[in-house]
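Notes for the structure review
Letter by letter, the chains look like this.
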Amino acid sequence: MATDDVNGVEARPGMLRHGIFLVVASQFANLANMMFQVVTGRRLSEEEYGVLAVMMSLILITATPLEALRTAIAHYAARSARLGQLGAVRMIVGIWSRRLLLLAIPIVCMGYFAGDWAVGFFQLDSPAPFRLTCVFVAATLFLPLMTGTFQGIEHFYWMSASMHVWTVFRLGIVILMIQFIGATAAVGLAAHGLAIALGLIISVIGMHRMTRDYPDVELSEGMGDYLMKSLVMLGAFAILMNADLIFVKHYFHPEDAGLFARAATIGRSVVFLPMPIALVMFPKIIASQGTDGAGRATLIKAMVLVVLMISAAVLAVSMLPWLPLWIMYDDRYPTRDMVRLLISVVWAMAPLGATFLLMNYEMACHRFRGMALLIGCALLYIVGVILFHDTIGQVVIMLAVVSTISFLGFATLLLIRPRGR
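Below, the structure is looked at part by part. The structure displayed is predicted, hence computed values, not measured ones. (Residues numbered from 1 in each chain as written. Predicted model: local features only at pLDDT ≥ 70, side-chain atom pairs only at ≥ 80, totals over all residues. Heavy atoms only, no water.)

In this section: the overall build of the chain. If you tally the helices and strands in the chain, you get 18 helices and 0 strands. With 421 residues in all, the chain has 56% of them scored as buried. In the chain, the proportion of contacts linking residues at least 24 apart, taken out of those at least 6 apart, comes to 83%. Of the roughly 18,100 Å² that the chain leaves accessible, carbon and sulfur atoms contribute 68%. (Helix = DSSP H or I, 4+ residues; strand = E, 2+ residues; numbered from the N terminus. Buried < 20%, exposed > 50% of the residue type's maximum accessible area, 1.4 Å probe, protein only. Contact = heavy atoms within 4.5 Å. Areas by Shrake-Rupley, 256 points an atom, 1.4 Å probe, with all protein chains shown as cover.)

With that out of the way, let us pick up a nonpolar patch on the surface. A contiguous nonpolar surface patch, about 720 Å² in accessible area, is contributed by Leu315, Met319, Leu320, Trp322, Trp326, Ile327 and Trp347. Within the residue set of the nonpolar patch, elements represented by two or more residues are helix H13 (292-319) and helix H14 (322-329). The element that contributes the greatest number of residues to the nonpolar patch is H14, accounting for 3 residues. Note that tryptophan 347 resides in helix H15 (residues 336-349). (Patch = residues over 30% accessible without salt bridge, like charges linked within 9 Å, V, L, I, M, F, W, Y side chains within 5 Å. Salt bridge = Lys/Arg side-chain N within 4 Å of Asp/Glu carboxyl O.)

A few words on the side chain of serine 203. With respect to the helices and strands, the residue serine 203 is situated in helix H9 (residues 185-211). Of note is the side chain of serine 203, whose polar atom sits 2.9 Å from the backbone oxygen of glycine 199. Every residue in contact with serine 203, bar those within four places of it in the chain, is listed here: Leu143, Met146, Phe150 and Ser162. (Polar contact = N/O pair within 3.5 Å; in protein donor to acceptor, adjacent residues only side chain to side chain.)

According to the stated counting rule, one finds 10 aromatic pairs in the structure shown. A centroid spacing of 6.2 Å and a plane angle of 80° characterise the contact between tryptophan 117 and phenylalanine 122, whose relative ring orientation is edge-to-face. Consider the rings of tryptophan 117 and phenylalanine 130, whose centres lie 6.5 Å apart with planes at 70°: the pair is edge-to-face. Within this pair, whereas tryptophan 117 is found in helix H5 (residues 115-121), its partner phenylalanine 130 is found in helix H6 (residues 128-140), the two being separated by 13 residues in sequence. Here a set of aromatic residues connected by ring pairs shows up, and it is made of Trp117, Phe121, Phe122 and Phe130. Across the ring face of tryptophan 96, the terminal group of arginine 99 is positioned such that the distance to the ring centre comes to 4.7 Å. We note arginine 170 situated over the ring of phenylalanine 36; from NZ or CZ to the ring centre the distance is 4.0 Å. (Phe/Tyr/Trp six-rings, centres within 6.5 Å; stacked < 30°, edge-to-face > 60°. Lys NZ or Arg CZ within 6 Å of the ring centre and 35° of its normal.)

Interpretation in functional terms is not warranted from these geometric data alone.
Here you go:
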């Protein structure tokens, strides 16, 4: 692979090539994720699958704000790579690993002491799933450090390995554990945790190989302000993306929550489908800073790809709603209510895919004009569901409202020229 003579990092062949690679690689991960849902959705009871789905949503709600750390590390790595100072990246990863360890320990302790509260709030039979979830949330804290580094230096092969390979391991582990231990939510969570550990090992190996030939560099610039603003923005987005299952699990019967989890899982698959495009776009926008026209051109290319992918997926689910239900959950003859729920959830979530791309563009440009917008949408979502939750349909309507507002709001921001550079 060719390298840049100035900084020694991999040459940048362009967004389309990297985007195609990461999208293709992510589809293998999506297939493994889908098969994980197939195995657990078919083998677990509806109640147990509902527990697994809501615990996985808790992990996602925590992991999504941590994307702020990934974006901050990517920002830092992209600048350091241009200067040939990857030793600085290694040092900042070490510093933040120690800081995250101080956060991980209280999370694990919270899982132990708050287990009884979780039993009542989530209508669980045992605190074990919640306690396992807190352990795995603590482990998940460290993944963004590695993926952000690979993203920033545009080494998408290692980035793909750290992000996607563990999903294949998880599929194999859950099949074995269900076969020999039992079909429970705790088993599905344990498989997820073991796979995350393997993903961290792969990431550490990649980090060592990428930075071992570079000397340590004195850190002259911190990431605090950028990190905190990114954390707030992504935290609000996490609520829009993942809070639906928590609402439904709390307010409705466990069996209804299990059925909703099926629709929500398929809907999230549609939204996640084009997310690799945003990951590829991010460092390229940073590299084009100072040439706003080039950044806008990159955004337009990315937006076209995202809109095409989401539109195709939404139309496919709308025309053949029974197909994903049959493939993932062996539901050959879904009821009309289930079909209606699935289609409504997919359409409600669809705008979030475009919101994610536009949000990443703003953060890559070091702008946070959409922070108040996302916070407002998250608060509207929470208050709206608290006030209106007589039916699951009302939760879906609130999701559709806030996801549409978030997309239109970011699109409007792009039409407003920022003051200054």
